[in-house]
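Fold and geometry: a report
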Amino acid sequence: MATGMVRKPRSATAQSAVLVASVLSLVAVLCIWLVLRLTMLQNSRHSPLPSYFDSPSVVSWKVPYQSPDDLLSLTEQKVDEVVREFPNSAAAFSARGKYHYLISKKNAAKADWQRAIELDASWEDGILGLAELAFEEGRYEEAIDLCLQLRTRSQDDPRVPLLLADAYLSNGQAQEAMLTLQQHITKETTSLQALELLGQAHAALGQLEEAQAVYEKALQFAPDNKEILYGLGQVYGRLGDREKSRQYMDQFRQRAVSKAAENVSKAKGFTDIEHAKHIAAQTFFDCALVYKMHGNWPNAEKLVAQSLLLVPDVAVRLYELQRILHQTGKIAEAIDIGQRIVSLDPEDVNQWLVLGGLYAEIEMAEESLQAFRRAVALAPDDPRCKRARAILRSINEGAGALVQ
Amino acid sequence: MMVHCCPYCRWPQRQLALVLRHFLTCFPKRPMQAFGLAVLLGLPCSYGQQTRIWFEDISDATGIDFVHCDGSSGDHYLVEAVASGLASLDYDRDGLIDLYFLNGANLRGSHYDPPPTNAMYRNLGQFTFQSIGDIARTADAGFGLGVAVGDVDNDGFDDIYLNNFGANRLLHNNGDGTYSPWESDVIACGEKVGGGVVMFDMEGDGDLDIYVANYIQFTYDSPASEFRGRVVYGGPLLYPKEKDDLLRNNGDGSFTNVSSSSGIADAAEWGMGVIAFDYDADGDTDVFVANDSTKNFLWENDGHGRFTEIGLLTGLAFDHRGTPQGSMGIDVADVNGDGLLDIFQTTYTKQLVTLYENLGNGFFEDATLRWGVGKGTYYLVNWGTALADFDNDGDKDLFIANGHIHDNLDDVDETVSYRIANQVFDNIDGRFMIDVSARAGPGMRVLESSRGMLADDLNNDGLIDVVILNSRGRPTVLANRSRTPYRSIQVELVGTVSNRSAAGSRVEIEVAGKKQLLEMHCGKGYQSHFGSRLHFGLNAAEQIDAFRVWWHAGSKEEFRSVPMRETIIFIEPQ
């Protein structure tokens with residue numbers, strides 16, 4: 001029932017101004033805090049950090065298995081346990097759906113994802129899982145319907161327009177695929193996969209000049225991309241320009257040769273246990289996210305750690321573990337994980353910035369400064385690095401004042 | 001009693017419901033009529049789901065008692081999983097098409113007794129067959145993988161080439177109902193693991209040469225692959241590639257291996273299905289090889305038997321994304337009625353089958369998605385295939401034989417079914433194809449692990465029947481009992497200047513303004529041979545407006561206003 005008093009909505013400009021002011025104040029307070037803290041701690045010393053994965057408690061979490069089937073059986077027990085513990089959680093059913101998909105139990109995957117959607121109609125991973133299954137099974141109309149549902153719910157997930165376009169293309173609806181991709185590309189201008197699919201859509205419609213233009217644009221972002229080179233070779237071939245077609249196909253061929261060698265090497269390197277470990281690691285990680293979502297941090301930490309003990313050095317999982325450790329106050333351990341991340345990718349600007357903050361939290365000033373300097377050196381124009389540079393400048397000035 | 005009649009074919013119906021059902025069955029390819037009728041009656045329009053194609057499984061009544069053996073012992077040697085092809089031929093020239101099944105053999109660790117041998121069956125008519133392998137002396141005991149049929153010595157009787165794991169064989173048809181081995185080390189091609197094989201005249205000298213595709217360099221000591229704790233078949237990438245062989249027919253009863261001098265030995269991949277056809281209609285025969293898990297070959301012939309590999313430059317090496325496929329079987333036909341020969345190929349699991357449309361400028365487009373032929377094929381392992389007009393409506397439909405290689409994963413992996421149903425796609429006006437397997441009769445519900453297949457008219461009723469070789473099982477014989485009012489004509493070619501089998505010769509018919517083109521091939525599908533009588537569905541035509549024959553040796557003949565008949569034989573003018 002209306003109360004009679006109606007609050008007049010603020011104008012959009014006023015709302016934006018308030019928001020910007022709040023953010024700026026927050027950033028300013030944080031910067032001041034960091035400057036003061038680092039200035040005070042600049043000369044402090046530290047002892048070496050313990051390696052997280054060597055600590056006895058983490059070592060004891062190693063998943064005990066005798067064989068690939070044994071490992072998958074343990075994995076299934078774990079994901080079933082999560083579903084039992086959270087019978088009303090869409091995330092839990094979604095995690096089990098993914099596990100069933102990975103072990104090629106399509107019907108069980110479908111049932112789990114459907115249950116996830118029953119529990120939460122907006123559960124995007126469940127809808128996307130069903131859409132991917134429908135696509136693989138050649139039920140393109142169903143895949144299209146599911147993707148359209150998802151698109152109305154979320155505009156942000158780039159997987160949705162790509163799958164939708166692929167489903168349209170596979171269903172012989174190249175025109176619709178083209179429109180979907182054109183919309184997507186206005187937001188994701190450098191999405192190679194989108195450009196490749198758009199080229200295919202134009203080619204399928206016989207719009208060869210347009211396809212050529214799209215592929216050439218894509219080549220500017222990725223001159224070595226095998227699929228784009230092939231697309232261009234195809235387009236020129238269809239246009240009857242054999243010379244140009246040959247030119248691009250030759251470039252494609254060079255890359256295809258190395259890919260073929262890689263395929264042989266992968267086939268020879270395939271082992272049953274590694275395959276099982278990858279499935280188990282993904283599933284343990286997905287289960288960890290369910291625990292995290294429900295605030296059970298110890299279980300979340302244990303499961304991500306188990307995932308990384310099975311398949312180490314997966315960046316996205318290391319990041320998640322670092323977040324959990326930070327959240328639970330295990331800063332030294334979070335730093336250890338951060339070091340592992342930058343040892344895998346020394347140009348990970350984001351992680352250098354995270355490390356800078358983490359070192360500061362445990363009063364390791366020199367390391368903190370080094371981490372920030374590293375980030376700034378890697379990406380001087382990155383807005384976050386600009387802020388870090390400002391902090392460094394302030395610290396230097398502050399340190400100078402202390403000496404005087 | 002009131003009798004309704006179909007307004008198009010005048011087929012009488014007693015009840016309105018039956019008339020409607022018949023109308024939709026009779027005219028699924030007249031979209032506007034079907035759509036209009038559905039709209040008028042307030043029914044959901046089911047156009048596109050109807051088909052005239054109808055297959056019945058008559059295997060048990062044929063007298064064929066052959067059981068395929070892959071030589072398996074549980075050790076899972078890859079060679080077992082890829083066996084075998086089969087052939088149709090009129091070996092005794094009695095006008096009925098006979099059947100020849102390849103078989104495996106004992107491998108290390110297996111002891112099948114009696115040892116498996118190839119089997120030949122004489123067609124007695126009315127879908128009944130008599131085993132004659134021993135009488136005809138065609139019961140080869142080698143490990144059979146691929147087969148091609150053609151008249152290599154131009155004596156008027158079809159010979160058989162067997163591409164084996166081990167020494168290959170050429171069986172000479174003596175013309176008296178028996179065969180004799182053609183003794184030659186050149187023919188044997190060593191002890192390789194073979195794939196498909198084709199016969200064609202590579203340099204236009206009037207006799208058939210032989211292209212022998214080879215698969216892997218196999219040793220029993222190759223490490224076994226494991227998946228989910230079980231020993232499974234490992235893929236070809238685990239083995240070194242084997243170069244193909246090209247055997248030139250010297251015309252005097254001898255052959256020379258010209259693999260190196262012809263250019264064929266310049267490249268090697270894991271070869272499976274192979275077909276020899278004139279991709280650019282320049283008068284000489286080129287060779288397309290479906291290679292497993294890697295790029296396909298198109299060997300362009302310079303007309304003198306010197307070949308250059310141009311698969312990539314013609315768009316045939318990979319799928320539409322430039323991804324290599326587990327290419328298996330191949331057939332070639334003009335699927336869209338534009339007078340150009342298109343290519344269809346089957347593939348391994350988690351890939352779509354591929355239809356390459358010939359654009360006529362030396363380039364092919366992967367038109368799989370546009371044609372809809374990939375739908376429902378992603379998880380399947382496809383092997384044998386045939387493009388044939390199963391309902392005589394004047395365009396080429398598609399049959400695919402399916403079956404996984406993994407025989408022990410059904411319980412742990414739902415995408416892997418060792419025994420699965422085959423598929424048939426109906427060609428809709430040369431524009432797209434629809435999987436009509438679920439509505440094409442009980443013959444499409446047979447569950448086996450199929451490998452090679454063939455499509456030919458076994459009972460001379462004008463409809464193309466299907467025979468499928470099933471790994472570790474009995475073959476499936478599908479009688480075509482399609483509910484079609486349309487007729488067909490079958491064409492036999494007798495080369496006199498060209499090779500006797502007329503391989504590489506082309507026939508075009510013109511019916512009611514539409515053209516259909518076929519080329520004679522000796523060896524196609526999945527390591528198989530069929531289609532020595534060219535079959536044209538005639539739709540509702542009352543006469544054939546024109547016949548054109550391009551003989552491989554270069555001459556052309558044209559016949560106009562040919563009256564309707566069931567078969568016609570063209571003999572090349574000398």
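Structure first, text after, so check above.
All values reported here derive from a predicted model rather than from experimental measurement.

Basis of the calculations
- Residues numbered from 1 in each chain as written.
- Chains lettered and ligands numbered in written order.
- Predicted model: local features only at pLDDT ≥ 70, side-chain atom pairs only at ≥ 80, totals over all residues.
- Heavy atoms only, no water.
- Disulfide = S-S within 2.5 Å.
- Contact = heavy atoms within 4.5 Å.
- Buried area = accessible area lost by both parts, 1.4 Å probe.
- Salt bridge = Lys/Arg side-chain N within 4 Å of Asp/Glu carboxyl O.
- Polar contact = N/O pair within 3.5 Å; in protein donor to acceptor, adjacent residues only side chain to side chain.
- Helix = DSSP H or I, 4+ residues; strand = E, 2+ residues; numbered from the N terminus.
- Buried < 20%, exposed > 50% of the residue type's maximum accessible area, 1.4 Å probe, protein only.
- Pairing = 2+ DSSP bridges.
- Phe/Tyr/Trp six-rings, centres within 6.5 Å; stacked < 30°, edge-to-face > 60°.
- Lys NZ or Arg CZ within 6 Å of the ring centre and 35° of its normal.

**Regarding the state of the cysteines**
Applying the stated criterion across every chain yields a total of 0 disulfides over all chains. The thiol of B:Cys189 is not disulfide-bonded; the next cysteine sulfur, from B:Cys522, is found 17 Å away.

**Re the interface of chain B and chain A**
Taken together, the contact between chain B and chain A spans 38 residues of the former and 42 residues of the latter. Carbon and sulfur atoms supply 52% of the area buried between chain B and chain A, which totals about 3,400 Å² over both sides. The interface formed by chain B and chain A contains 4 salt bridges. As a salt-bridge pair, A:Arg238 and B:Glu365 come within 3.3 Å of each other at their nearest N and O atoms. At the boundary of chain B with chain A, the tally comes to 14 residue pairs in polar contact (both at pLDDT 80 or more). Counting residues per element, the ones that place at least two in the side of chain B that touches chain A are strand S14 (225–227), strand S26 (364–366) and helix H7 (368–371) of chain B.

**Structural notes on the environment of A:Ala371**
Residue and element names in this part refer to chain A. Relative to the helices and strands, Ala-371 resides in helix H19 (residues 365–378). For the pair formed by Ala-371 and Asn-107, sequence separation is 264 residues and the distance between their alpha carbons is 49 Å. Residues in contact with Ala-371, not counting those within four places in the same chain, are Trp-352, Leu-355 and Gly-356.

**Considerations on the pairing of strand S34 (residues 488–494) of chain B**
Residues and elements named next belong to chain B. Within S34, 6 of the 7 residues are buried, leaving the element largely enclosed by the surrounding structure. The pairing of S34 with strand S37 (residues 534–537) spans 4 bridges and is antiparallel. Looking across to S37, one finds that Val-491 is bridged to Leu-534. As paired strands, S34 and strand S40 (residues 567–571) are joined by 5 bridges and run parallel to one another. Within S40, the position partnered with Gln-490 by the bridge is Thr-567.

**Regarding the packing of aromatic side chains**
Aromatic ring pairs are defined here through the distance separating the ring centres and the angle between the ring planes. All names here are of chain B. Summed over the entire model, instances satisfying the criterion amount to 29 aromatic pairs over all chains. Their ring planes at 75° and their centres at 5.3 Å tell us that Phe-218 and Tyr-220 sit as a pair that is edge-to-face. When the ring of Phe-547 is compared with that of Phe-570, the centres are 5.1 Å apart and the planes differ by 65°; the resulting orientation is edge-to-face. Separated by 23 residues along the polypeptide, Phe-547 in strand S38 (residues 544–550) and Phe-570 in strand S40 bring together distant segments of the chain. Since its relative accessible area comes to 6%, Phe-570 is described here as buried. When the ring centre of Phe-157 is taken as origin, the NZ or CZ atom of Arg-93, which lies over that ring, is 5.2 Å away. In this arrangement the basic side chain of Arg-451 is found over the ring face of Trp-383, its NZ or CZ atom lying 4.3 Å from the centre.

**Remarks on unusual backbone geometry**
Residue and element names in this part refer to chain B. A cis geometry characterises the amide bond from Ala-83 onward to Ser-84, with omega recorded as 10°. Along the polypeptide, Ser-84 turns up in the loop between helix H3 (78–81) and strand S4 (86–89). The linkage connecting Asp-113 with the following residue, Pro-114, adopts the cis geometry, with an omega of 0°. Structurally, the position occupied by Pro-114 is in the loop between strand S5 (98–101) and strand S6 (119–125). Positive phi, close to 55°, is recorded for Gln-126, a residue that is not glycine. Position of Gln-126 relative to the elements: it lies in the loop between S6 and strand S7 (128–131). In this structure Gln-126 comes out as exposed when scored by relative accessible area, which is 71%.

Any functional reading would require information that these geometric values do not contain.
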